[in-house]
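Here's the letter readout for the chains.
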Amino acid sequence: MARPTDDASPWQAIQRNPTFQTLVERRGRFATRLSLIMMALYFTFILLIAFAPGVLGMPLGSGTVITLGIPIGLGLIVVAIVC
Amino acid sequence: MGSVINRQRLLWALWLVVVGALVLTPQIVFADAITGSVEKRSINVSAIVLFLVFVAATLVITWWASKQNRTASDYYAAGGKITGFQNGLAISGDFMSAASFLGISALVFTSGYDGLIYSMGFLVGWPIIMFLIAERLRNLGRYTFADVASFRLGKRPVRTLSAFGSLAVVALYLIAQVVGAGKLIQLLFGLDYVIAVVAVGVLMVCYVLFGGMLATTWVQMIKAAILLFGATFMALMVLAHVDFSLEGLFQQAVDVHDNGAAIMSPGGLVDDPISAISLGLALMFGTAGLPHILMRFFTVSDAKEARKSVFVATGFIGYFYILTFIIGFGAIILVSTNPTFMDDTGAIIGGTNMVAVHLAEAVGGSLFLGFISAVAFATILAVVAGLALAGASAISHDLYAGVLKNDNADEAKEVRISKITVLVLGVVSIVLGIAFETQNVAFMVGLAFSIAASCNFPVLLLSMYWKRLTTRGAVIGGGLGLLTAIALVILGPTVWVQVFGYENAIYPYKYPALFSMAVAFIGIWLFSITDNSERARLEREAFDAQFVRSQTGLGAHGAVDH
């Protein structure tokens with residue numbers, strides 16, 4: 001990529017450049033989507049803890065001590081890594 | 001378009017923190033993991049031998065690094081030659097401190113599932129925040145975050161403020177680490193407090209003085225790798241003990257734990273919401289304002305690698321948290337049932353923060369105990385080296401070259417001043433480390449994070465995202481945030497009651513971040529929008545150029561650009 005020259009407003013020229021606008025827009029959309037997914041999952045988790053802790057404390061089946069919260073919690077860590 | 005998205009992203013980040021903070025238990029402060037009085041143990045030979053091996057290896061690397069270092073860029077930023085993966089490993093190393101390793105496994109040990117929630121609150125928030133700033137930071141800055149904050153603002157005032165913010169964070173964090181190191185080493189190695197403090201100070205100076213950022217990064221990477229190896233081994237041994245059945249692990253833990261099946265579900269988490277939120281804010285935003293972590297983003301070649309380092313770091317930190325969860329449950333099974341780890345009253349020797357260390361002995365014998373002890377020491381060394389380099393850069397790059405010499409300093413002289421500062425920092429941290437041996441230093445880490453969150457972070461973030469920010473707003477708002485954080489900590493229970501001995505704290509909460517961050521942001525906003533000077537107009541105009549560079553890296557200081 002060439003360095004911008006010192007004409008009157010090189011930055012504005014770049015800002016008006018459709019490629020630059022696409023870049024900013026795409027990057028923004030990507031970050032937005034990523035944050036949205038993460039937030040949705042995390043909010044659900046926190047709200048569960050706050051208002052229905054029993055749900056996470058529910059055993060996965062009869063005869064097991066593993067609660068629903070374990071796969072959900074560990075799953076969220078994995079999602080955070082993958083995202 | 002861009003600014004709308006940016007504002008939305010900011011809002012989400014803010015929401016996340018407020019809600020994330022609700023799940024943090026106020027009594028769990030990593031700083032507390034290594035404070036308080038400790039008993040000296042008998043000399044642990046394998047720990048000392050293994051630690052000496054680590055020191056020898058890192059000194060060889062420092063010697064190698066000293067051969068590579070020629071320019072200021074080599075010294076401050078490892079010449080920009082660190083890869084995204086390496087940098088991610090080093091950043092994750094900054095997170096996997098001795099205190100977080102011992103503290104989180106202790107939290108899982110005492111309350112089970114809540115320990116997982118705690119790690120998650122942190123893990124989910126931090127990458128998004130770093131994701132917002134990492135690329136722009138790399139594109140705009142050179143060696144320190146003050147480069148970025150002062151990019152389009154008045155260089156001298158903003159650099160001065162950022163330098164003081166950095167120095168305050170570094171000084172407090174450094175003293176807390178050194179005192180913690182002395183106590184931890186007393187406990188793990190059976191060495192004298194003074195010897196431990198002197199060893200930490202001398203090695204820290206060696207790494208930074210001779211090896212600069214290159215050696216500092218390698219020390220952090222090696223430590224992260226051996227800590228991950230040690231924790232993986234412990235988790236595997238725990239799983240082997242239960243025949244690799246998670247069901248068996250949880251069943252046995254429920255059987256022996258005092259709280260029984262309650263450890264498998266969320267418990268009572270919030271007993272003081274204001275303190276909890278404040279702590280959460282300080283941890284998340286403070287981390288994004290710690291000078292020694294921000295500095296790491298200048299060691300990679302470009303914004304792409306900077307972004308990659310965030311992903312790699314998140315991966316390692318997440319993996320590490322999963323390991324600590326297994327280790328905590330393993331400790332319930334193997335440590336709480338073993339009388340050799342209890343004192344006469346039935347309490348865990350050295351406190352619950354030592355359960356991970358006891359578990360190391362339970363699963364790997366005394367040799368592995370030595371290994372984990374050596375890793376804990378190495379962890380502290382790696383962190384203090386980064387801190388010393390960040391503090392020295394604030395003096396040499398920001399104050400000397402930026403403010404005193406108006407960015408026209410002789411490079412060699414700038415580096416020389418930095419190295420002298422490192423020496424001074426080493427001496428000061430040894431002297432203060434010894435002076436503070438019997439003091440309660442727990443408040444220092446909290447204060448360091450609060451200052452980072454209330455001064456460094458707001459100025460840095462808004463300088464990149466908010467067009468209308470002006471020098472006046474940044475300096476007054478950031479300064480107010482800094483002063484509010486310090487004042488509230490002094491007036492709060494950790495200093496007013498515990499250090500000064502007054503009956504009641506004037507400010508009732510342990511952590512100031514909720515209020516001091518609000519003061520900083522409101523201050524910056526107010527004094528920026530009311531700033532109608534000619535300079536403010538030019539600064540706002542310069543935002544477009546900065547925005548283009550922050551997005552594209554055009555004109556950024558690259559690996560070959562010096």
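Here, every reference points to the structure presented above.
Presented here is a report on the structure given in the accompanying data block. (Residues numbered from 1 in each chain as written. Chains lettered and ligands numbered in written order. Predicted model: local features only at pLDDT ≥ 70, side-chain atom pairs only at ≥ 80, totals over all residues. Heavy atoms only, no water.)

### Digging into the overall build of chain B
Counting its secondary structure elements, chain B contains 20 helices and zero strands. When the 562 residues of chain B are sorted by exposure, 64% land in the buried category. Long-range pairs, those at least 24 residues apart, make up 85% of the contacts in chain B between residues at least 6 apart in sequence. Here chain B displays about 18,900 Å² of accessible surface, and carbon together with sulfur accounts for 66% of that area. (Helix = DSSP H or I, 4+ residues; strand = E, 2+ residues; numbered from the N terminus. Buried < 20%, exposed > 50% of the residue type's maximum accessible area, 1.4 Å probe, protein only. Contact = heavy atoms within 4.5 Å. Areas by Shrake-Rupley, 256 points an atom, 1.4 Å probe, with all protein chains shown as cover.)

### Digging into the overall build of chain A
If you tally the helices and strands in chain A, you get four helices and zero strands. Going from the N terminus to the C terminus, chain A shows its helices and strands as α-α-α-α. The burial tally for chain A puts 33% of its 83 residues in the buried class. Considering only intrachain contacts with a sequence separation of at least 6, the fraction spanning at least 24 residues in chain A is 30%. Summing over all exposed atoms, chain A offers an accessible surface of approximately 4,900 Å²; the carbon and sulfur share of this is 66%.

### A word on the side chain of Ser-105 of chain B
Along the chain, Ser-105 of chain B turns up in helix 5 (residues 98-111). A polar side-chain atom of Ser-105 of chain B sits 2.6 Å from the main-chain carbonyl oxygen of Phe-101 of chain B. (Polar contact = N/O pair within 3.5 Å; in protein donor to acceptor, adjacent residues only side chain to side chain.)

### Some details on the nonpolar core
In this structure, Phe-101, Met-234 and Phe-329 of chain B are the most contacted members of the largest nonpolar core, which totals 198 residues. Excluding its chain neighbours within four sequence positions, the residues that come into contact with Phe-329 of chain B are Val-108, Gly-112, Leu-249, Phe-250, Ala-253, Ile-263 and Met-264 of chain B. Judged by nonpolar contacts, the second largest core, of seven residues, contains Val-24 of chain A together with Phe-543, Phe-547 and Val-548 of chain B. (Core = buried A, V, L, I, M, F, W, Y, C linked by side-chain atoms within 4.5 Å.)

### Describing the pattern of salt bridges
Residue and element names in this part refer to chain B. Counting across every chain of the model gives ten salt bridges over all chains. In this structure, Asp-74 engages Lys-81 in a salt bridge whose closest nitrogen and oxygen atoms are separated by 4.0 Å. Residue classification places Lys-81 among the exposed positions, given a relative accessible area of 58%. In the salt-bridge network here, residues are joined through shared partners; they are Asp-147, Arg-159 and Asp-398. (Salt bridge = Lys/Arg side-chain N within 4 Å of Asp/Glu carboxyl O.)

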